[in-house]
Amino acid sequence: MQSKQKTRRLVESALMLAVALVLSSDLLKFGGIWAFGGGVTPCSMVPLVLISFRWGWKWGGFTGFVYSLLQLIQGIDNVQYATSFGMAVAIILLDYVIAYTVVGFAGVFNGKLKNRNAAIILGVVICLTVRLGCHFLSGWLIWDALWPNEFGMAAPLYSICYNGAYMVPEIILTAAVSCLIMPLLDKLGTGAKEKA
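A brief report on the enclosed structure follows. Since the structure is predicted, the reported quantities are computational estimates derived from the model, not experimental observations. (Residues numbered from 1 in each chain as written. Predicted model: local features only at pLDDT ≥ 70, side-chain atom pairs only at ≥ 80, totals over all residues. Heavy atoms only, no water.)

1. Here's the deal with a nonpolar patch on the surface
Put simply, the rule reads: Here a patch means residues that are over 30% exposed by relative accessible area and free of salt bridges, tied together within 9 Å if like-charged and within 5 Å if nonpolar (Val, Leu, Ile, Met, Phe, Trp, Tyr). All accessible areas in this document rest on Shrake-Rupley with a 1.4 Å probe, and a residue is counted as covered only by the protein chains that are shown. Note on definitions: salt bridges are taken to be side-chain nitrogens of Lys or Arg within 4 Å of carboxyl oxygens of Asp or Glu. Helix and strand labels come from DSSP, where a helix needs a run of H or I of at least four residues and a strand needs a run of E of at least two; each type is numbered from the N terminus.
Taken together, the side chains of Phe85, Val89, Leu93 and Ile98 present a nonpolar region at the surface, about 370 Å² in accessible area. One can find Leu93 in helix 4 (residues 85-101).

Here's what the structure looks like:
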């Protein structure tokens, strides 16, 4: 990759990471913040999806990983609730590293489907569903053990209801807005074509 293109990729990625962090801030979450974390953000995952489509899913995955570390730094207080080393590692992996890194792989279907919007929607749905799965497991296996839910619901049911309440709207918003914005970014020129 030429030096100019590498610089452009780094600058775009840094800008998209900054936008994603601002959009994920507690002040911008729809309906406030859920009692135990989470919330519908105004499309904070869209920048990661766009990077993955513009620069390839491998670079997107790396950008998602960097974003996961930034989210971990912002939410590091959550790790203090762990009652063991294994629980701390599980919180770090399920609530941050895996959950956000996987979003960067949304571009994996780019060029593999005839319809670009179908590739965007499929990538977003699969990747953000994996993120939901991470939060579901964390809520069930970790957070319910620390703070059993006040409704007396079975831990798996409570976790899927709680996490699904903000992740399903997040998936829909991310897919819709990514489909709307991607054609505008295409006019700027495409990123590197990645051979998968």
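2. A look at the pattern of salt bridges
Put simply, the test is: Only protein chains enter the area calculation, which uses a 1.4 Å probe; residues under 20% of their type maximum are buried, those over 50% are exposed, and those in between are partly exposed.
All told, the structure shown has three salt bridges when counted by the stated rule. In this structure, Glu12 and Arg8 form a salt bridge, with 3.2 Å as the shortest nitrogen-oxygen distance. One end of the pair, Glu12, and the other, Arg8, are both in helix 1 (residues 3-23), four residues apart, so they sit about a helical turn from each other. Arg8 sits in the partly exposed class, given a relative accessible area of 34%. Notably, a salt bridge pairs Asp186 with Arg116, separated by 2.6 Å at the nearest N-O pair.

3. With respect to the packing of aromatic side chains
Formally: What counts as a ring pair is set by centres within 6.5 Å for rings of Phe, Tyr and Trp (its six-membered ring), and what kind of pair is set by the plane angle: stacked under 30 degrees, edge-to-face over 60, tilted for all other angles. Two conditions define a charge sitting above a ring: the NZ of Lys or the CZ of Arg must be within 6 Å of the ring centre, and it must be within 35 degrees of the ring normal.
A complete count under the given rule lists nine aromatic pairs for this structure. Each ring, one from Tyr67 and one from Tyr100, has its centre 5.4 Å from the other, and the planes form 80°; the classification is edge-to-face. In this pair, Tyr67 sits in helix 3 (residues 57-74) while Tyr100 sits in helix 4, placing the two residues 33 residues apart along the sequence. Ring geometry for Tyr81 versus Trp147: centroids 4.9 Å apart, planes at 75°, classification edge-to-face. A residue pair is termed long-range when its members are at least 10 positions apart, and Tyr81 in the loop between helix 3 and helix 4 and Trp147 in the loop between helix 5 (116-146) and helix 6 (155-186) qualify at 66 residues. Given a relative accessible area of 39%, Trp147 falls into the partly exposed group. Positioned above the aromatic ring of Trp59, the side-chain terminus of Arg9 is 3.7 Å from the ring centre.

4. Some remarks on helix 3
Defined as follows: Given a helix with a known number of residues, its expected span is that number minus one, times 1.5 Å. Any two residues whose heavy atoms approach within 4.5 Å at even a single point are treated as in contact.
Between the first and last C-alpha of helix 3 there are 25 Å, a value that for 18 residues agrees with the 26 Å anticipated at 1.5 Å per step. Considering only its buried residues, helix 3 is in contact with helix 1, helix 2 (46-55) and helix 4.

5. Looking at the side chain of Glu170
This is how it is decided: Neither His nor the chain ends contribute to the count of charged residues, in which Lys and Arg are positive and Asp and Glu negative.
Secondary-structure assignment places Glu170 in helix 6. Buried charge without a partner: Glu170 forms no salt bridge, and the closest opposite charge is Arg131, 4.8 Å away. Residues contacting Glu170, with those up to four places away along its chain left out, are Gly39, Val40, Thr41, Cys43, Ser44, Met45, Leu128 and Arg131.

6. Quick look at the packing of helix 4 against helix 5
Here is the rule: With axes taken as lines fitted to C-alpha atoms, and helix axes fitted only over the stretch in contact, angles between N-to-C directions fall between 0 and 180 degrees. Comment on the angle field: the value is read as roughly parallel under 35 degrees, roughly antiparallel over 145, roughly perpendicular from 65 to 115, and oblique elsewhere. Crossing handedness follows the turn of the near helix against the far one: under a right angle anticlockwise gives a left-handed crossing, and clockwise gives a right-handed one.
For the pair helix 4 and helix 5, interaxial distance at closest approach is 9 Å and the crossing angle is 160°. What the angle tells us is that helix 4 and helix 5 run roughly antiparallel. Pair helix 4 / helix 5 crosses with left-handed handedness. In this structure, helix 4 uses Met87, Ala90, Ile91, Leu94, Asp95, Ile98, Ala99 and Tyr100 to contact helix 5, whose residues at the interface are Arg131, Cys134, His135, Leu137, Ser138, Ile142, Trp143 and Leu146.

7. Digging into helix 4
Inclusion rule: Note on bend: the value at a residue is the angle between axes fitted to the seven residues ending there and to the seven starting there.
Leu93 marks where helix 4 bends most, by close to 40°. Those residues of helix 4 that fall on the buried side of the exposure criterion are Met87, Ala88, Ile91, Leu94, Asp95, Tyr96, Val97, Ala99, Tyr100 and Thr101. On its buried side, helix 4 packs onto helix 2, helix 3 and helix 5.

8. Regarding the packing of helix 1 against helix 2
Our working rule: We call Asp, Glu, Lys and Arg charged. Ala, Val, Leu, Ile, Met, Phe, Trp, Tyr, Cys and Pro are nonpolar, and the rest, Gly among them, are polar.
At a closest axis distance of 9 Å, the pairing of helix 1 and helix 2 adopts a crossing angle of 165°. In terms of orientation, helix 1 lies roughly antiparallel with respect to helix 2. Both helix 1 and helix 2 take part in a crossing whose hand is right-handed. Of helix 2, the residues touching helix 1 (which contributes Gln5, Arg8, Arg9, Glu12, Ser13, Met16, Leu17, Val19 and Ala20) are Pro47, Leu48, Leu50, Ile51, Arg54 and Trp55. The residue makeup of the contact of helix 1 with helix 2, split by class, is nine nonpolar, two polar and four charged.

All we've got here are geometric facts, nothing functional implied.
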